[in-house]
Amino acid sequence: MTSYVCTSCHARHKVAATRWRCDCGAPLDLDFEAAAIDRDALRRRPQSLWRWSEALPLDPALSRGGLGAGVTPLIDDVLGETPVHLSLEYVSPTGSYKDRGASLLVALAISLGATEVVDDSSGNAGIALAAHAARSGLKARVFVPGDCSPVKPRIAKALGAEVVEVEGGRASAAEAAANEAKTGAFYASHVFNPFFLHGTKTLAYAVAESLRWVAPGAILVPAGNGGLVLGLDLGFRELRRHDLIDRRPSLIAVQAERCAPIFRAFEAGEDSPSPVTDEDTIADGVRIGAPPRGAAVLKAVRDSGGLVTAVSDREIETARRILWSKGYTVETTGAVAAAAVLRDGKKLRETFGDLVVVLSGSGLKA
Ligand SMILES: [Zn+2]
């Protein structure tokens, strides 16, 4: 089995159900070398992320059939006057890209013999985990901050998860989930566990396959914790290493101006973001004041020749309305990357060429 490697002190740890971060407190990476996928065999593979099995650190049999996460449409359209490929990640089993990560986390739980998964999430991650756990016959428990909107936790509950309200904010909910890990439960953290990123990396494979293995110039994604940025970085590196694409696309991380620690650090030329107080943005899915993997996100963006930008709530709301008027049923956070193209599309296209814009989450859940 592959092992965990600390993102900060580089200590190695065995992959175990109770191990969710390093003893030094930092998130973990996975020491895993993806093999080259067999492009000719793809025609015979399932329409899910398990089709790229050579690139995955777990046996597809562990998915117990899964829910079909991982294969989403890529649609050609125009935003403002900018031609784009829209990656419809909201068209996934529970309406967000988090299904990719949840698929891997639940398969990992099964491989470790866990019967219950826990996470802290007031949003799409909790819903995705609940659904994938239900499909695989595992119990799910989701800790939510008492002050969050009840809509998404209600959906997680309807999917069979036990939803536990914790007094205080996000930090208290995270602490409650971490305490469960001490009692032997599997903390399927969508922020700390690197298997989640090996799930989100399959978006790179999906995009490359949709574009017939011609890489785009850049790919724009909403960024809070940066799970999409880091997954795409992993995936495109692997594809490039095995010569399956001829260049690595630039990664463009888009934050909400009202909560933009990664953007601020990028602009200031710093290596890691300084925490900001969670300001209230309408894009609540990217409202992360202190992203634990912030330094890695900055490095991934810079290494790819990309950039971090930020959009205002007004720009996000306008983008959401424009997307709906064209038939794309995104949630507010799902419109963040499109907002950047609506504002800067001409320049972005001149700089990077062909653009992929990720529409990350569904608005039908609101
Ligand atoms: Zn460490």
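Parameters and conventions
Along each chain, residues carry numbers from 1 onward, in the same order as the chain's sequence is written. Side-chain atom pairs in this predicted model are given and counted only at pLDDT of 80 or more, local residue features only at pLDDT of at least 70, and totals for whole chains, interfaces and linings cover all residues. Side-chain measures here rest on the full set of heavy atoms in the structure, leaving out hydrogens and waters. Pairing between strands is defined by DSSP: at least two bridges between them are needed. Going along the chain from the N terminus, every DSSP run of H or I of four or more residues is numbered as a helix, and every run of E of two or more is numbered as a strand. Here, residues are in contact when the closest pair of their heavy atoms is within 4.5 Å. What counts as an axis is a line fitted to C-alpha atoms, over the stretch in contact for a helix, and the angles between N-to-C directions run from 0 to 180 degrees. Note on exposure labels: buried denotes an accessible area under 20% of the residue type's maximum, exposed denotes more than 50%, and partly exposed covers the range between, all computed with a 1.4 Å probe on protein chains only. Those domain boundaries reflect an automatic or database domain assignment. Take the accessible area each of two parts loses on contact, using a 1.4 Å probe, and add the two losses: that sum is the buried area. Every case where a carboxyl oxygen of Asp or Glu lies within 4 Å of a side-chain nitrogen of Lys or Arg is listed as a salt bridge. With water excluded from the atoms, a metal site may look incomplete; its donors are any N, O or S atoms within 2.8 Å, or within 3.2 Å for Na, K and Ca. Any site counts as irregular unless it has four donors with all angles between 85 and 135 degrees, making it tetrahedral, or four or six donors with opposite ones more than 155 degrees apart and the rest between 65 and 115, making it square planar or octahedral.

**Section: the sheet that holds strand β7 (residues 139-145)**
In spatial order, the strands read β8-β7-β6-β9; together these 4 strands make up an open sheet with parallel pairing. Of all the strands in the sheet, the pair left with one neighbour each is β8 (162-166) and β9 (186-187). Where β7 meets β8, 5 bridges bridge the pair, whose relative direction is parallel. Following the sheet pairing, Arg141 is matched in β8 by Glu162. Running over the sheet, helix α2 (residues 124-136) touches β6 (116-120) and β7 and is turned about 170 degrees from β6.

**Some points on the pairing of strand β13 (residues 355-359)**
Buried residues dominate β13, accounting for 5 of its 5 residues. The two faces of β13 match: Leu355, Val357 and Leu359 on one face and Val356 and Val358 on the other face are all buried. Pairing of strand β5 (residues 82-88) with β13 involves 4 bridges; the strand directions are parallel. Its bridge partner lying in β13, Ser87 is registered against Val358. With 3 bridges joining them, strand β10 (residues 218-222) and β13 adopt parallel strand pairing. Directly across from Ile219, in β13, lies its bridge partner Val356.

**Examining the domain arrangement of the protein chain**
What the domain assignment reports for the protein chain is domain 1 (74-96 + 195-365) and domain 2 (98-189). A straight line from the C-alpha centre of domain 1 to that of domain 2 covers 24 Å. Counting from both sides, the interface comprises 20 residues of domain 1 and, opposite them, 17 residues of domain 2. Buried area between domain 1 and domain 2, summed over both chains or domains, comes out near 1600 Å², and the portion from carbon and sulfur atoms is 55%. Run the count over domain 1 and domain 2 and you get 2 salt bridges. Every element with two or more residues in the side of domain 1 that touches domain 2 is listed here: α5 (194-200) and α6 (202-210). Element by element, the count of residues in the side of domain 1 that touches domain 2 is highest for α5, at 5 residues.

**Remarks on the sheet that holds strand β1 (residues 3-6)**
One open sheet accounts for 3 strands, arranged β2-β1-β3; its pairing is antiparallel. Each of the sheet's edge strands pairs with one partner strand only, and the pair in question is β2 (12-14) and β3 (28-31). Put simply, the sheet's adjacent strands are angled 40 degrees from each other on average, direction ignored. Strand direction decides the pairing type here: β1 and β3, joined by 4 bridges, are antiparallel. Across the sheet, residue Ser3 finds its bridge partner in β3, namely Asp31.

**Overview of the coordination of the zinc ion**
Six octahedrally arranged donors around a metal ideally form angles of 90 or 180 degrees; four tetrahedrally arranged donors ideally form angles of 109.5 degrees. Distances from the zinc ion to its protein donors, namely Cys6 (SG), Cys9 (SG), Cys22 (SG) and Cys24 (SG), fall within the range 2.2 to 2.3 Å. Every donor counted, the 4 donor atoms about the zinc ion form angles of 104 to 119 degrees at the centre, which fits tetrahedral coordination. Of note, the donors binding the zinc ion are all from one chain and are spaced C-x2-C-x12-C-x1-C. In this pair, Cys9 is assigned in the loop between β1 and β2 and Cys24 in the loop between β2 and β3, connecting sequence segments 15 residues apart. Among the residues examined, Cys24 registers a relative accessible area of 46% and is labelled partly exposed.

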